[in-house]
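The chain contents come next:
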Protein chains: 2
Amino acid sequence: MSVLTEVLSANEAYAESFGDKAALALPPARGFAILTCMDARLDPAKYAGLSEGDAHVIRNAGGRASDDAIRSLVISYKLLGTKEWFVIHHSDCGMEFFTDDVIRGLLASSLETAALGSDGFTDVGEGPGAREGDYIDWLTISDQVESVTEDVRRIREHPLVPGRIPIHGYIYAVSTGRLIEVPEATEVGAAR
Amino acid sequence: MSVLTEVLSANEAYAESFGDKAALALPPARGFAILTCMDARLDPAKYAGLSEGDAHVIRNAGGRASDDAIRSLVISYKLLGTKEWFVIHHSDCGMEFFTDDVIRGLLASSLETAALGSDGFTDVGEGPGAREGDYIDWLTISDQVESVTEDVRRIREHPLVPGRIPIHGYIYAVSTGRLIEVPEATEVGAAR
């Protein structure tokens, strides 16, 4: 079966047992938001105990506090009433295994998928590549404690983010499924 | 119980039944990615049938093809091998209920949460507000078919996105849980 067929078939089953979820309100019932990584191994609904309707979930490569994540968080509290936020990065994140220079070089070389070996990523494709990657900040990560703390700080200090919202910093361990607090981040993110 | 206590308690239960998920590989096992909205009512793992390890999930306000979503999608295929993408917006999206001018005015007025009435959002807080919202494109939506099609087109035409990746455009109906194809978008997003 193709991916598309599989997704539509799973969706059909979900819709058939949809129950009373049509009655859920637009604003998150439990009044919080999670910013986390797009990584396939992470299921924030499962690791944080969310049901449909509970909380906003924002995800990107790394779970970074990008401009777009901040756009989403501001909409989340200003229009939809969330009162508390989590920034959750994770162990063994793909964002630790390359730098801006590496991905820019790989993209300039070809638009095929690179291979990951013990020496990092190497390009296996034939060109053409493209140089647009030179103009993108890829928001790579060298240390999880640091990246969580930096991102909580960016959100805390953003002029559109009110000081009353606590921002909790955590690392999800992909080896155990556990959330591990980053106390430095939680301190930076405490409500003022 | 506080939100934080609830989340950590749910996480403890998840970790205790984590099973063999520590063995999951970093690259998505089923080789695809979903870009969808942060809306609390959406659970992409449930509506699309994903288990941990299956697929990248990127989420922001609206499920829009922002620069940051494109950063994430490029990392998704170039370094982690996804071969097929979905852009999934949804009915009753909060992004339909305001404009850039509305949210800019609300943020300039105060950093309290606005109230949503039949006339749209009105500010109920006392200042101070902030003008930083004037410099943000909020990526609001006036029509779902249009927004999905526009976003698939932006991704399709991006210089770092190879033509071989099909991009499917869908709308998730919050009243039924069903994914409804946007044929215009799927046509734009077809592999070349």
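Keep in mind that this is a model prediction, so the values were computed, not measured.

Visitor: Which residues make up the packing of helix H4 (residues 100–109) of chain A against helix H3 (residues 67–78) of chain B, and what are the values?
Guide: Axis separation between H4 of chain A and H3 of chain B bottoms out at 12 Å; the angle between their running directions is 70 degrees. One element, H4 of chain A, and the other, H3 of chain B, form an angle in the roughly perpendicular class. Residue-level inspection shows Ile103, Leu106 and Leu107 of chain A of H4 of chain A in contact with H3 of chain B, the latter providing Val74, Ile75, Tyr77 and Lys78 of chain B. When the residues that make up the contact of H4 of chain A with H3 of chain B are grouped by side-chain class, the tally is six nonpolar, no polar and one charged.

Visitor: Can you tell me about the pattern of salt bridges, naming the residues and giving the values?
Guide: The full count for this structure, using the stated rule, is 28 salt bridges over all chains. Close ionic contact of Glu52 of chain A with Lys46 of chain B constitutes a salt bridge, the shortest N to O distance being 3.1 Å. With Glu52 of chain A in the loop between helix H2 (44–48) and strand E2 (55–60) and Lys46 of chain B in helix H2 (residues 44–48), this residue pair bridges two chains. Assessed through its relative accessible area of 38%, Lys46 of chain B is described here as partly exposed. Taking the shortest distance from any N to any O, the salt bridge between Glu12 of chain B and Arg178 of chain A comes out at 2.9 Å.

Visitor: Describe the pairing of strand E3 (residues 84–90) of chain A, naming the residues involved and giving the relevant values.
Guide: All names here are of chain A. Of all seven residues that make up E3, seven are buried, and the element is covered over most of its length. Looking at chain direction, strand E1 (residues 32–37) and E3 are connected through five bridges and run parallel. Bridge pairing links Thr36 to Ile88 in E3. Judged from the six bridges that link them, E3 and strand E6 (residues 167–172) form a sheet pairing that is parallel. Looking at the pairing, Trp85 lines up with Ile167 of E6.

Visitor: How would you explain the relation of the copies chain B and chain A if you had to name every residue and give the values?
Guide: Its rotation angle being 180 degrees, the transformation that places chain B on chain A also includes 0.0 Å of axial translation and leaves an RMSD of 0.0 Å. What the superposition gives is, in effect, a two-fold axis relating one chain to the other. For chain B, the smallest separation between a C-alpha atom and the rotation axis is recorded for Arg59 of chain B, amounting to 2.3 Å.

Visitor: Break down the packing of aromatic side chains for me, citing the residues and quoting the values.
Guide: Pairs of aromatic rings are described using the distance from one ring centre to the other and the angle between the two planes. Applying the stated criterion across every chain yields a total of 12 aromatic pairs over all chains. Among the aromatic residues, those joined into a ring-pair cluster are Phe32, Phe86 and Tyr170 of chain A.

Visitor: If you had to explain the interface of chain B and chain A to someone new, which residues and values would you point to?
Guide: On the chain A side, the residues contacting the 91 residues of chain B number 91 residues. Here chain B meets chain A over a buried area of about 7,800 Å², counting both sides, of which 62% is carbon and sulfur. Inspection of the chain B/chain A interface yields 46 residue pairs in polar contact (both at pLDDT 80 or more). Elements that contribute at least two residues to the side of chain B that touches chain A include exactly helix H1 (3–16), H2, strand E2 (55–60), H3, strand E3 (84–90), helix H4 (100–109) and strand E6 (167–172) of chain B. Considering every element that reaches the side of chain B that touches chain A, the biggest residue donor is H1 of chain B, with 10 residues. Of the residues contributing to the side of chain B that touches chain A, the split by class is 49 nonpolar, 19 polar and 23 charged.

Visitor: Which residues make up the UniProt feature "binding site: Zn(2+)" (unreviewed entry) in chain A, and what values do they have?
Guide: The sites that carry the UniProt feature "binding site: Zn(2+)" (unreviewed entry) are, in the present numbering, Cys37, Asp39, His90 and Cys93 of chain A. In terms of the greatest pairwise C-alpha distance, the residues named above, spread along 57 residues, form a tight cluster of at most 8.8 Å across. Within the secondary structure layout, Asp39 of chain A lies in the loop between E1 and H2. When residues no more than four places from it in sequence are discounted, the contact partners of Asp39 of chain A are Arg59 and His90 of chain A together with Leu26 and His56 of chain B. As for its placement among the helices and strands, Cys93 of chain A is situated in the loop between E3 and H4. Taking relative accessible area as the criterion, Cys93 of chain A reaches 1% and is therefore assigned buried. For Cys93 of chain A, the contacting residues outside a window of four places in its chain are Cys37, Gly62 and Gln144 of chain A together with Leu26 of chain B.

Procedures and definitions
Residues numbered from 1 in each chain as written. Chains lettered and ligands numbered in written order. Predicted model: local features only at pLDDT ≥ 70, side-chain atom pairs only at ≥ 80, totals over all residues. Heavy atoms only, no water. Axes fitted to C-alpha atoms, helices over the stretch in contact; angles between N-to-C directions. Helix = DSSP H or I, 4+ residues; strand = E, 2+ residues; numbered from the N terminus. Parallel < 35°, antiparallel > 145°, perpendicular 65-115°, else oblique. Contact = heavy atoms within 4.5 Å. Nonpolar A, V, L, I, M, F, W, Y, C, P; charged D, E, K, R; others polar. Salt bridge = Lys/Arg side-chain N within 4 Å of Asp/Glu carboxyl O. Buried < 20%, exposed > 50% of the residue type's maximum accessible area, 1.4 Å probe, protein only. Pairing = 2+ DSSP bridges. Least-squares fit on C-alpha atoms with pLDDT ≥ 70 in both. Phe/Tyr/Trp six-rings, centres within 6.5 Å; stacked < 30°, edge-to-face > 60°. Buried area = accessible area lost by both parts, 1.4 Å probe. Polar contact = N/O pair within 3.5 Å; in protein donor to acceptor, adjacent residues only side chain to side chain. UniProt positions renumbered as here; feature names shortened; annotations may be inferred.

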